[in-house]
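Working through the structure, step by step
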2 protein chains.
Amino acid sequence: MKARVHIMLKDGVLDPQGEAVRRALGTLGFAGVDGVRQGKVIELDLTATDAAAAEEEVRRMCEALLANTVIEKYSVEII
Amino acid sequence: MKARVHIMLKDGVLDPQGEAVRRALGTLGFAGVDGVRQGKVIELDLTATDAAAAEEEVRRMCEALLANTVIEKYSVEII
């Protein structure tokens, strides 16, 4: 079973990396980009076979290690 | 219109960051994680209103700046 975790900075938290990408796109001539936010995606190969239990386990991983929940939000998707 | 881009290392390209996460999860007692791959997710706010044109534009951004297509693969999703 595979799980995909998206980790993004919370709304309102400054994202200098995203801002740098936005500026660079402008410099390259890509108009029409109002904002950019950059985050992480983590794909996990799990031995678990029960989707609900796997999602619960991955959420615990996010709380313990993968996300900094002070400034980051995460979402878990079982695929 | 919003677009989400996933950028992952191609299969077969060593992912030391993902490997570090896998080991750390093991150290924390999370058994049952066979493999971890870490990538980037970039969310773009676009002024474009046509989804097909927006996706084409974002693909050009990936080729020009967002992804290193020698070692990375990307996927674009209009949301």
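Before reading on, note that the structure itself is shown above.
What this report covers is the structure whose coordinates are included nearby. Remember, it's a predicted structure, so these values are computed and weren't measured experimentally. Chains are numbered independently. Their residues run from 1 in the order of the written sequence. Whichever chain is written first is A, and whichever ligand is written first is 1; the rest continue in order. The predicted origin of the model limits local features to residues at a pLDDT of at least 70 and limits the giving and counting of side-chain atom pairs to 80 or more, whereas totals for whole chains, interfaces and linings rest on all residues. Side-chain figures throughout are based on the complete set of non-hydrogen atoms in the structure, without hydrogens or water.

The next point concerns the pairing of strand β1 (residues 2-9) of chain A. All names here are of chain A. Exposure is judged per residue with a 1.4 Å probe applied to protein chains only, and the accessible area is read against the type maximum: over 50% gives exposed, under 20% gives buried, and values in between give partly exposed. Think of it this way: any DSSP run of H or I at least four residues long counts as a helix, any run of E at least two long counts as a strand, and we number them from the N terminus. Where burial is concerned, most of β1 is hidden: six out of the eight residues are buried. Following DSSP output, two strands are said to pair if at least two bridges run between them. When β1 meets strand β2 (residues 33-46), the two strands line up antiparallel, connected through six bridges. The residue bridging Arg 4 from the neighbouring strand is Glu 43, located in β2.

What follows deals with the interface of chain B and chain A. Across the boundary between the two partners, chain B contributes 31 residues, which contact 31 residues of chain A. Computed with a 1.4 Å rolling probe, the buried area is the accessible surface lost when two parts are put together, summed over both parts. Summed over both sides, the interface between chain B and chain A buries roughly 2600 Å², with carbon and sulfur atoms accounting for 67% of that surface. Each reported salt bridge corresponds to a side-chain nitrogen of Lys or Arg within 4 Å of a carboxyl oxygen of Asp or Glu. Put simply, chain B and chain A have zero salt bridges between them. Each polar contact in these results corresponds to two N or O atoms within 3.5 Å; when the atoms are within protein, one needs to be able to donate a hydrogen and the other to accept it, and residues that are neighboring in sequence are counted only if both atoms are side-chain atoms. Our count for the contact surface shared by chain B and chain A stands at eleven residue pairs in polar contact (both at pLDDT 80 or more). Those elements giving two or more residues to the side of chain B that touches chain A turn out to be β1 (2-9), α1 (16-27), β2 (33-46) and α2 (51-66) of chain B. Contacts were defined at the residue level, with two residues in contact if any of their heavy atoms lie within 4.5 Å.

All right, on to α1 of chain B then. Its twelve residues place the ends of α1 of chain B 16 Å apart at the C-alpha level, agreeing with the 16 Å of an ideal helix rising 1.5 Å per residue. Among the structural elements, β2 and α2 (51-66) of chain A together with β2 of chain B are those in contact with the buried residues of α1 of chain B. Where α1 of chain B ends, the next residue or the one after it, Gly 29 of chain B, has phi of about 95 degrees, a positive value. One less than the number of residues in a helix, times 1.5 Å, gives the span that helix is expected to have.

Read from one edge to the other, the open sheet built from six strands follows the order β3(A)-β1(A)-β2(A)-β2(B)-β1(B)-β3(B), with strand pairing classed as antiparallel. The open sheet terminates on both sides in strands that have one partner only, identified here as β3 (72-78) of chain A together with β3 (72-78) of chain B. Averaged over all pairs of adjacent strands, the angle between their axes in this sheet comes to 25 degrees, without regard to strand direction. Inspection of the sheet shows β1 of chain A paired to β3 of chain A by seven bridges, in the antiparallel sense. Paired with Leu 9 of chain A across the two strands is Glu 72 of chain A, which belongs to β3 of chain A. A fitted line through C-alpha atoms represents every axis, and for helices the fit uses only the stretch in contact; the resulting angles, taken between N-to-C directions, go from 0 to 180 degrees. Here α2 of chain A sits on the sheet in contact with β1, β2 and β3 of chain A together with β2 of chain B, set at roughly 155 degrees to β3 of chain A. Most of the contacts of α1 of chain B go to β2 of chain B, to which it runs at about 125 degrees, and overall it touches β2 of chain A together with β2 of chain B.

Mapping chain B onto chain A calls for a rotation angle of 180 degrees and an axial translation of 0.0 Å; the resulting RMSD is 0.0 Å. What we have between these two chains is a two-fold relation. Judged by C-alpha distance, Lys 40 of chain B is the residue of chain B that lies nearest the rotation axis, at 2.3 Å. In this assembly the copies share their binding face: 100% of the residues contributing to the interface of chain B also contribute to that of chain A. The superposition of copies rests on a least-squares fit of C-alpha positions from residues with pLDDT of 70 or more in both.

This is a description of form; function is not addressed.
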